[in-house]
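For reference, the chains in residue letters:
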Amino acid sequence: MDETAAGREQARGERRAERLLRRARGPREVSARARRAWRRLTDEALRGEPGALAVLSRVAREPEHPRTHQARTVVADRWAATDDPGLRQTVLDTRALATPHSFARLRTAALHGPEQLRATGRDWAAHAPALLADHDNDVRKAVTELCRTADTWATNRLWPQSVSRGAPDVGPLVTDERLFDILLTCPSVPPPIELDMLWKGFLQRIPAGGLPARAPRRRLLPALTGWGREAPSPDRRALSRVVVEPDTARLLAHDGTRQALIEAAGYADDHPLAAVARERILALRERSPAPRRVEDDSDLGVLSDLADFVDELCAYALEPRRDLLRWCVTHHLAPSHRDPARRAAFLLHTDQPPDIQARTARWTAGPGLAQMVLGAADGEERARRVDGLTDAELTHLAGWLDDEDRLADLWQLVRDLPLARGHRLVPLLAARQAADTPPADATGRTPRDRPDPRDGAASHPRDAWRPGDEAGRRLLALLRGIDPGTLAAGLAALERDWPAGYHLARIRFRGRVNDLSFAPDAPLLAVATSNRAAGVIDLHRGELAERYDGFASSVGHLAHLGGEAFVAAERTSTAFQPSRLLHCAGGRSRVLRELPGAVTSLEAWGAGRFVAGTRSGHLLFGGPADAGAGEGADGGVEDGLPLPEPSEVSVAAWGLDPGADWPRALAADAYTGRLAVCGRRLLLVELNGDRDRDRGADADAAQGTAAGPESVTGPRPGAIPTPRVLARGTRPRVTTRAVLAGPAALAVHEQRRGVVEVLRPEVGALPSAGSVDGVTAMTALPGRGQLAIVDDDWRLRLLDAATLAPRPGVMPEPPASPSRYMLGPVTSLHASPDGGLLAAGYAGGITDLYDLRHAEIPSLATRPLAYARPAHVDALLAALDAPGLTRPVREVLRLLLAQVSYRCPRDGDAATLSTGGYDIAL
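Position numbers for residues start from 1 in each chain and track the written sequence from start to end. Only residues with pLDDT of at least 70 get local features here, since the model is predicted, and only at 80 or more are side-chain atom pairs given and counted; chain-wide, interface and lining totals rely on the full set of residues. Excluding hydrogens and water, the side-chain figures rest on all heavy atoms present in the structure.

**Student:** Looking at this model, I keep getting lost on the nonpolar core. Mind explaining?
**Tutor:** In summary, soluble globular proteins display a tendency toward joint burial of nonpolar side chains. For the purposes of this section, nonpolar cores are sets of buried Ala, Val, Leu, Ile, Met, Phe, Trp, Tyr and Cys residues that join through side-chain atoms within 4.5 Å. Working definition: with a 1.4 Å probe on protein chains only, accessible area under 20% of the residue-type maximum means buried, over 50% means exposed, and in between means partly exposed. In terms of nonpolar packing, the biggest core is built from 96 residues, with Trp124, Leu158, Trp199, Phe202, Trp227 and Leu313 touching the most fellow members. Only DSSP runs of H or I with at least four residues qualify as helices, and only runs of E with at least two residues qualify as strands; both kinds are numbered from the N terminus onward. Here the element with the most residues in this core is helix H18 (residues 272–287); it accounts for 7 residues. Residues count as neighbours in contact if any of their non-hydrogen atoms are within 4.5 Å of one another. If sequence neighbours within four positions are ignored, Trp227 has contacts with Trp159, Leu183, Leu184, Cys186, Pro187, Ser188, Val189, Pro190, Leu195 and Leu198. Counting residues in each nonpolar core, the second largest holds 46 residues, with Val386, Leu394, Ala882 and Leu893 among its members.

Structure follows, in structure tokens:
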């Protein structure tokens, strides 16, 4: 069509539009004929008819026309759909707005400026990402200005659209970079969840994969500083205070922020947190009155007013923090003379001139390192210090002890060091031994070493020293006798091929195994079966220790309380059929409580205590009436002592619906007083019961002592527990098993889906940190940070509780007979309180017992032996009975057993756990 034809067509369109407009206006414009004409005209305009658009554009510019407002709305709608430049000018000139409650309305309002967009209401915040992506420059400018000056209400809706949580090891993910960049310049503080995510992304040491290249941590720093708010999460609060608190003196006033300042300074040089912390430290040094240098051989000075803090800072830099170490040297910071060992270690680690190193080593390395390592108050502290010695420091220390004839201390050092490092020092002691040396006394000196009263001098002890006890001499002989090549091959095989555990025994029962529970104080295993019986098995002797009959129905749940006492709950066939909770001890059973419904979960909670959940929506807390009564020497509960009636609390008092959220699964932690109540909804609380016990536990923690299970902060029986809610959550399906896998990890199992998910309490919520599918049973290994699961193929696997990554090492296969199909599904999976034993019960009446203590042996061979415990003796004895050991591995295990037995002697000939299949009838 040529231009003349197009012109004629447009002219006809305009005449037709004029006729429609005449019909639609006038006194009869509300008639049906007028409405049809106007609707036809607007439809043609919205379809893009040139004539209709021209007529409506003209009407939109005539304020006196009765259809002006409607024409402007149509023109604005058409521009929002097409971005026609001519219509855009009409919209600007007439201040036209599109149809209300539409995205086009927001676009046209933004075209007129931020104030007009703000006047449209609160819908703009929900569509801010789309408006920021608009190709009209004026629209983008208006939305950007409005986001930069947004109030608290708007930022609470904008931030969730710009950043999401992301994976635990990656940090927050920026979902909209434009909006994220703008909100970083907004003075309004983000909502707590997003603020905590930003702090997490800023404080993590690994590269933040979720943050875009245009907004790295250095872009976050001015925003976080400007807001001046600490991280809501307690885990990140101290480090965030380093950024928002400009006064370093206040940071040093409290131990938590003082350590956080040191930790922040130890970040890598390219991390902005390190620059902030180091700037704070240097600012405090400049403010310190009359700073002076301490007289020293080296060119490093220590500020007298900051000596304590500098000592801590330099000690942290030696762990090692190489970036912080270089920074300390650059700014002339070094440990003071009050700790010569630490000062010597610092100077040996840093790249100082050789003459300074030589003088420092000569005057301080020997006695200073000896004082630091051998003068530790306890074995744990000595182990930490020994493990921190470098090869150069170890050479200096061993040579100085040899020169000073402190051979007993050198022998102590050999026994404290890891096996390979200690073996390298054995020649220093072997050179001091003679085959015909007379027996040594308790000090390690032989008769010819002792002072001669006639001349007042002692002969030199060279070629005459050996340990003063027979066990020590045998151990030194073993260390001398092992070949270095055999030792290296054995250690390499331990690290490379050592299994994660062994199948220890198979126990056969009559009836289905419903539940299992290990004793907290002895190798005893309580078993609940479907044939109305329960019992306690002595794992050392491999026999039934106690048997209890007379239950009214199948025993569904039990919890071992210590000794040979346990609490058992009957299983009912209906939800509200009466059931009983019984205390079984000393061969007798006693009813603790008769319940209107079934007990759905039962967990031990420290020595002698338990918590149970019922179908009626109640929690039962039981245990001794007095904290000290009924507890034997081993911390368990005396067999003959009856328990008082447990206290009862409805979950309705904790904000749950008893009819829908009854506790289907419980997870209790005796050390922290935390309790997870799980069903369709999840509730994680911390119970504050006995205030005196709380204060005692706090005092123990302040003194550095480890609180035992008896220091649980849970409520006493008869007391009303006071929960402090830590987090809440909702699950898409019912949780059937839950365990507390660590101080900040709750693992839940949904049996119907076969999914295990790890949840981490964070700002009152329970976000997911990862999941694994195909799981039929799950439990936690206490003290190891691991989860044990049985998958759909009946395979036992160990997972890291934090990441759900598989743990190294091959798990054992159960015996082939009977077949897995005869065993039936796994009904119960439980671990011993120390995480060393694992029991799996099956519907076919079989329980498999696994020994997981072996997993610690490779780390035991590479760590200082001060970390060894008496339990490691049993683990090594059991490992030596394992089949298929090579000669180097067996030699290393024998040597480790000799060292650990020498350090942790056992009382008498204690029996180890038996192996083999047990035929035990319940």
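**Student:** I tried to follow unusual backbone geometry on my own but got confused; where do I start?
**Tutor:** Keep in mind that most residues, glycine aside, have a negative phi and that most peptide bonds are trans. At Arg532, a residue that is not glycine, the phi angle is positive and equals roughly 60°. For Arg532, a relative accessible area of 47% translates into the label partly exposed. Backbone geometry at Trp794 places phi at a positive 65°, although glycine is not the residue there. You can see Trp794 is positioned in the loop between strand E26 (786–791) and strand E27 (796–800).

**Student:** Please clarify how a positive patch on the surface should be interpreted in this entry.
**Tutor:** Each patch is built from residues that are more than 30% exposed by relative accessible area and take part in no salt bridge. Like charges join if they lie within 9 Å; nonpolar side chains (Val, Leu, Ile, Met, Phe, Trp, Tyr) join within 5 Å. Per-residue and other accessible areas follow the Shrake-Rupley method at a 1.4 Å probe size, with only the shown protein chains counted as cover for residues. Should a side-chain nitrogen of Lys or Arg be within 4 Å of a carboxyl oxygen of Asp or Glu, the pair is scored as a salt bridge. Charged residues are defined narrowly, with Lys and Arg counted positive, Asp and Glu counted negative, and His plus the chain ends left uncounted. All charge positions are set by atom: Lys at NZ, Arg at CZ, Asp at CG, Glu at CD. Positive charge collects at one region of the surface, where Arg33, Arg35, Arg36 and Arg39 lie side by side. Structurally, Arg33 is set in helix H2 (residues 32–47).

**Student:** I'm lost on the sheet that holds strand E21 (residues 745–750) in this one. Help?
**Tutor:** The pairing of strands in a sheet comes from backbone hydrogen bonds and takes either a parallel or an antiparallel form. Ordered by their spatial adjacency, 4 strands build an open sheet running E20-E21-E22-E24, and the pairing between neighbours is antiparallel. Two strands bound the open sheet, and with one partner strand each, they are strand E20 (737–742) and strand E24 (768–772). Between one strand axis and the next, the sheet turns through 20° on average, direction left out of account. Strands pair, by our definition, only if DSSP identifies at least two bridges between them. As paired strands, strand E22 (residues 755–759) and E24 are joined by 4 bridges and run antiparallel to one another. Its bridge partner lying in E24, Glu757 is registered against Ser771. Where helices are involved, their axes are fitted lines through C-alpha atoms of the stretch in contact, as for all axes, and angles between N-to-C directions lie from 0 to 180°.

**Student:** What exactly am I supposed to notice about the confidence of the model for the protein here?
**Tutor:** Residues shown with low pLDDT carry predicted positions that ought not to be read at fine detail. Each residue carries a pLDDT value, the predictor's own confidence for that position, ranging from 0 to 100. The predicted model of the protein has a mean per-residue pLDDT of 76, with 77% of residues at 70 or higher. Taken element by element, the predicted model of the protein shows its lowest mean pLDDT in helix H30 (residues 691–703) (37) and its highest in strand E4 (residues 513–518) (93). Segment residues 288–305: pLDDT under 50, and 38 contacts once partners within four positions in sequence are set aside and those in other chains are kept. Long-range and interchain partners of residues 353–364, a stretch whose pLDDT sits below 50, account for 15 contacts in this model, where long-range means more than four residues apart.

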